[in-house]
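Listed here are the chains, written in short residue letters.
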Amino acid sequence: MKYTTRMGDGFRLEMTEAEIRKDIEDGTSDAAERADVEPMTDDEVAYLLDIYKCPDRSVGVQRGNEVVLSYDSATTKFKRCNVSVSKIQSLQIYERLLGSDMLELAHIDYSFKPVKPIVVFEQPILEQALLITIPPLFYGAMPNLGLYSQPDGPSPNPANLLPEGKIAEARASYEEQIDYAVADMVYVASRMYEAGADGINFDTTGAAGDAEFYATLTAIEILKKKYPDMCVQMGMASEFVLGMHADLYYDDVRLAGLYPHKQLELAQKAGVTIFGPAINIVSNRSLPWNLARSVTFVAACTRIAQIPVHACVGMGVGGVPLALSVPVDALTRSSKALVDITRLDGL
Amino acid sequence: MAVAHGVAAGIGGMRAAGDLVARMQVSQGMRIKQAKEHVASKLGISVLDIADPVVMSEVRDDLDLGRVNAVPGAAKGIDAKFRIAEVLDIEINCLNIFKKRTGLKS
């Protein structure tokens, strides 16, 4: 008998029970070896296997296991779909029609740098939204260190310097970009928190590698000293911090090469309130293989976390296929497996 | 994706007590089990009731914590947040700013 599942790119695939089990075992071994963490137990493998054998189109978590749902870049998603509603209307739709537990206001150019010159226009929108909405309302943006190098920013581009062997110059550029990014993140986050935001979401952290992770941790440390009660959410960009600078340390820990459970430890030290591990999809492997990897990486976080863990479970991460229109069967299986097996605090 | 995640794993936001559990994560950094227990204890309900929209509609109505339905006279926004802060015994950033701007003492 064959069961229908999908590849990491979303295309349908039929597999036997033995093939699914082998992919789950291979996936969890891959993650465990890479991050030096515990693989899934036999019971967890069997549970995930049952999820993929279930013929139902959608599945759900066991009653009582429901979690908090937060949405990064929430208001921009309506614009991306050409829905003609304002940001405040978008928030009301999330609040009153989509069952969101947390809300997030965002600028369509979702990075701290482009928000800086328009923050005075974002503040009154937030202030108005806070008057008429009820769930916690965050302001979110991406650290996006890529915007600080030429031609988009002031610093020499390390992607040009590194192929020329100019390693010291590339590192110096990253260090300069860190200073610019920290200043922008602290400025925008301060303005939005002082306008009343319940918290700030640093989304897709580490997308440009270790220098971006360092900049974000530093900005958060500054903000938490300034506003001890500020809630800080940090969603990561990937399962592995790329060593683009490769010689940056935070709290004596080298940032290059950190896997999610180690990212979490530093996030906690910096003052993060909610941590979001992001586990990348490998598009030419099956979803059972991919989801087993995600479960393994995320479980290593939830086992040691002192703060809530909201795994990133959107397109291309957390066992969700890399497809613009995500299939419900694949999405709900990721939701269920990550919540039921890893005891997540939110998605 | 929001709909599928909500159906598969969500507490349900204001349909149930999702926003209240989220408040405890945001304001106190509580993990999900502790946050649900805190909310259940403050509302006088069981942890299983947290995600039950029928039970929670009644509880939210009784305590005026805001509902998804348009109920005349019911708390709609910041008024509901004042009640939520009191019931859950937490501080909410925008309420403190609101009080400062309006000169409210408590």
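Anyway, here's the lowdown on the structure attached to this text. From a predicted model like this one, the values you see are computed outputs, not experimental measurements.

### Quick look at the overall build of chain A
Part 1: Looking only at helices and strands, one finds twelve helices and nine strands in chain A.
Part 2: Relative to a compact globule of 347 residues, whose C-alpha radius of gyration would be 20 Å, chain A shows 20 Å and is just as compact.
Part 3: Burial analysis of chain A (347 residues in total) assigns 60% to the buried set.
Part 4: Long-range pairs, those at least 24 residues apart, make up 73% of the contacts in chain A with a sequence separation of at least 6.
Part 5: For chain A, the exposed area adds up to about 13,500 Å²; of that, 51% sits on carbon and sulfur atoms.
Part 6: Charge centroids of chain A, computed over 31 positive and 46 negative side chains, lie 4 Å from each other.

### Some details on the pairing of strand β4 (residues 137–141) of chain A
Residues and elements named next belong to chain A.
Part 1: With five of five residues buried, β4 lies mostly within the body of the structure.
Part 2: A two-sided burial pattern is seen for β4, the buried positions comprising Leu 137, Tyr 139 and Ala 141 on one face and Phe 138 and Gly 140 on the other.
Part 3: Of the pairings in the sheet, the one linking strand β3 (residues 103–105) to β4 comprises three bridges and is parallel in character. Within β4, the residue paired with Glu 104 across the bridge is Phe 138.
Part 4: Across four bridges, the pairing between β4 and strand β5 (residues 199–205) is parallel. Following the sheet pairing, Phe 138 is matched in β5 by Gly 199.

### As for helix α11 (residues 287–302) of chain A
Part 1: With 16 residues, α11(A) extends 22 Å from end C-alpha to end C-alpha; this agrees with the ideal 22 Å at 1.5 Å per step.
Part 2: Taken across its 16 residues, α11(A) has 16 buried, putting it largely inside the fold.

### Points about the pattern of salt bridges
Part 1: According to the stated counting rule, one finds 22 salt bridges over all chains in the structure shown.
Part 2: Of the charged contacts, one joins A:Glu25 and A:Arg21 as a salt bridge, the two residues approaching to 4.0 Å between their closest N and O atoms. With A:Glu25 and A:Arg21 both in helix α1 (residues 17–35), this residue pair falls four residues apart, about one helical turn.
Part 3: Of the residues examined, A:Glu25 reaches a relative accessible area of 36% and is grouped as partly exposed.
Part 4: Across the pair B:Arg67 and B:Asp61 runs a salt bridge whose closest N-O atoms are separated by 3.5 Å.
Part 5: Its relative accessible area of 17% is what places B:Arg67 among the buried residues.
Part 6: Here B:Asp61 falls in the partly exposed class, since its relative accessible area comes to 41%.

Scoring rules and cut-offs
- All residue numbers here refer to positions counted from 1 along the written sequence of the relevant chain.
- Lettering of chains starts at A and numbering of ligands starts at 1, both following the order in which they are written.
- Only residues with pLDDT of at least 70 are given local features in this predicted model, and only at 80 or more are side-chain atom pairs given and counted; all residues enter the totals for whole chains, interfaces and linings.
- Think of the side-chain values as coming from all heavy atoms in the structure, minus any hydrogens and water.
- In this text, helices come from DSSP runs of H or I with a minimum length of four residues, and strands from runs of E with a minimum of two, each type numbered from the N-terminal end.
- With the radius of gyration taken over C-alpha atoms, the globule rule is written as 2.2 Å times the number of residues to the power 0.38.
- The buried label applies to any residue whose accessible area, calculated with a 1.4 Å probe on protein chains only, is under 20% of its type's maximum; exposed applies above 50%, and partly exposed to all values in between.
- By the convention used here, residues are in contact when the closest approach between their heavy atoms is within 4.5 Å.
- Per-residue and other accessible areas follow the Shrake-Rupley method at a 1.4 Å probe size, with only the shown protein chains counted as cover for residues.
- Charge counting follows a simple rule: Lys and Arg are positive, Asp and Glu are negative, and His as well as the terminal groups are ignored.
- Think of each charge as sitting on NZ of Lys, CZ of Arg, CG of Asp or CD of Glu.
- For two strands to be treated as a pair, DSSP must find at least two bridges joining them.
- A helix is expected to reach a length of 1.5 Å times the quantity of its residues less one.
- Here, a salt bridge means any side-chain nitrogen of Lys or Arg that lies within 4 Å of a carboxyl oxygen of Asp or Glu.

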